[in-house]
Amino acid sequence: MEFTLQFEGNEADRNLLDFYDAVQACGAFQRTLALTTHLVVNGEIITQAPSLKNAVILSLPPEPGSWRAVAIVTGSVLLSAGVASKDSVLGHLLTSAYDYVISESLGFHVDYDKSLGQQIEEHRSTSDEIPRELDQGKFESLIEKVEPAVRDLHRPISHSRTAETAILGASQAGQIVRQTGPVLDKDTFEYINVTNLTSDQEKFVGKVSSYNSNTFKGRIYIENEGRPVPFTLADVSRSPGTVFKVVRSLSANALDRFDENAEIRFSALRYESKNGRLKGFLILQIF
């Protein structure tokens, strides 16, 4: 499969970028793609891109015009006539997974059940290539791991300003045919780069959709937001009773997403972007 990172505006239109920022952005491009590919192929989360197994990401040189870097994903599991086919089961899944990870990391909600989750279940019924370990919780953990790299994708935009925007996407001969995530610009950079914690507690109601007992982090679906929102249990709320309520909500929600018994009421501080968009909760108490 082929994916392209393309910068536009300012010097990028003359095929020029600040060297350091270009290197950082390309490294971030490889990392986000490598970690997503490893999860799709192996069903596991890795933290270091060189740990990628059963796949290889090759690079083509930057092309003239708007500044473009092209990556080729291939490997022992993905091989189809030498290159992973965009029309293969894993090709479709990798494209959708990459879109989900990039979009969610930048605050653009994608309904997992109606998109990536549905695709995984459909492919599982017809193919043994899909790892059994793939689920929403794994992808949400991946989003947390790639967030610094997604920030670095913006370097030519946010630091040297040798580009104004960038897009990612599945491509053919360097031409993007299916965009991945939103257009990267100064607003998406501010969203992922700046996090402010409010000082006033607020009360919320939601259903836990994922939780990591090692990090005390997870996601909780908030009806008014129409999306799962990341949360962290504050030190003062990490009691066995609180964790039990989180796990009980997660279990009930997993069995029936419409089960009202999955709801929990909690007080929290809000993590917000520079322009006030909700990025997450610091949960202080669960009632």
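Conventions adopted
- Residues numbered from 1 in each chain as written.
- Predicted model: local features only at pLDDT ≥ 70, side-chain atom pairs only at ≥ 80, totals over all residues.
- Heavy atoms only, no water.
- pLDDT = per-residue confidence, 0-100.
- Helix = DSSP H or I, 4+ residues; strand = E, 2+ residues; numbered from the N terminus.
- Contact = heavy atoms within 4.5 Å.
- Axes fitted to C-alpha atoms, helices over the stretch in contact; angles between N-to-C directions.
- Parallel < 35°, antiparallel > 145°, perpendicular 65-115°, else oblique.
- 1 Å grid on protein atoms, 1.4 Å probe; cavity = no way out; pocket = protein on both sides within 12 Å on 5 of 7 lines; lining within 4 Å.
- Points joined across faces, edges and corners; volume = space filled by probe spheres on them.
- Nonpolar A, V, L, I, M, F, W, Y, C, P; charged D, E, K, R; others polar.
- Buried < 20%, exposed > 50% of the residue type's maximum accessible area, 1.4 Å probe, protein only.
- Salt bridge = Lys/Arg side-chain N within 4 Å of Asp/Glu carboxyl O.
- Left-handed = near helix turned anticlockwise from the far one by under 90°.

A. Inspection of the confidence of the model for the protein at higher detail. When pLDDT is averaged along the protein, the result is 90; 95% of the residues meet or exceed 70. Summarising per-element confidence for the protein, the mean pLDDT is lowest in strand β2 (residues 56-63) (85) and highest in helix α5 (residues 155-158) (98). Confidence drops under a pLDDT of 50 for residues 79-84, and excluding neighbours within four residues, the segment shows 12 contacts in the predicted structure.

B. Region of the structure containing the packing of helix α1 (residues 19-42) against helix α4 (residues 136-152). In the contact formed by α1 and α4, the axes pass within 8 Å of each other and the chain directions differ by 170°. In terms of orientation, α1 lies roughly antiparallel with respect to α4. From α1, Gln24, Ala25, Ala28, Arg31, Thr32, Leu35, Thr36 and Leu39 reach across to α4, where they touch Lys138, Phe139, Leu142, Lys145, Val146, Ala149, Val150 and Asp152.

C. Fine view of the layout of surface pockets. Roughly 690 Å³ of internal volume is contained in the largest pocket. In terms of lining residues, the largest pocket is bounded by 29 residues, among which Glu144, Glu147, Lys217, Arg219 and Pro230 are the most central. Among the secondary structure elements, those contributing two or more residues to the lining of the largest pocket are α2 (89-105), α4, α6 (186-193), β7 (202-212), β8 (217-222), β9 (227-233) and β11 (278-286). Looking at the lining of the largest pocket element by element, the count peaks at seven residues for α4. As a volume, the second largest pocket reaches approximately 600 Å³. Looking at the second largest pocket, it is lined by 22 residues, and the ones nearest its centre are Asp113, Lys207, Tyr221, Asn253 and Arg257. For the lining of the second largest pocket, the secondary structure elements donating two or more residues are β7, β8 and α7 (240-255). For the lining of the second largest pocket, the per-class residue count stands at nine nonpolar, six polar and seven charged.

D. Region of interest: the side chain of Ser96. Among the structural elements, Ser96 can be located in helix α2. Under the relative-accessibility criterion, Ser96 is labelled buried at 12%. Apart from residues lying up to four places away in sequence, Ser96 is in contact with Leu116, Gln119 and Arg178.

E. Expanded view of the pattern of salt bridges. Per the counting criterion, the structure on display carries eight salt bridges. Where Arg219 meets Glu104, a salt bridge forms, and the shortest distance between an N and an O atom there is 3.3 Å. Of the two residues, Arg219 sits in strand β8 while Glu104 sits in helix α2, which places them 115 residues apart along the sequence. Of the two residues examined, Arg219 and Glu104, each falls in the buried class.

F. Layout of the packing of α1 against α2. Orientation of α1 relative to α2, taken along the N-to-C sense of each, is 125°, at an axis distance of 10 Å. With respect to α2, the axis of α1 lies oblique. For the pair α1 and α2, the crossing hand works out as right-handed. In this structure, α1 contributes Phe29, Thr32, Leu33, Thr36, Thr37 and Val40 to the contact, and α2 contributes Leu90, Leu93, Leu94, Ala97, Tyr98, Val101 and Ile102.

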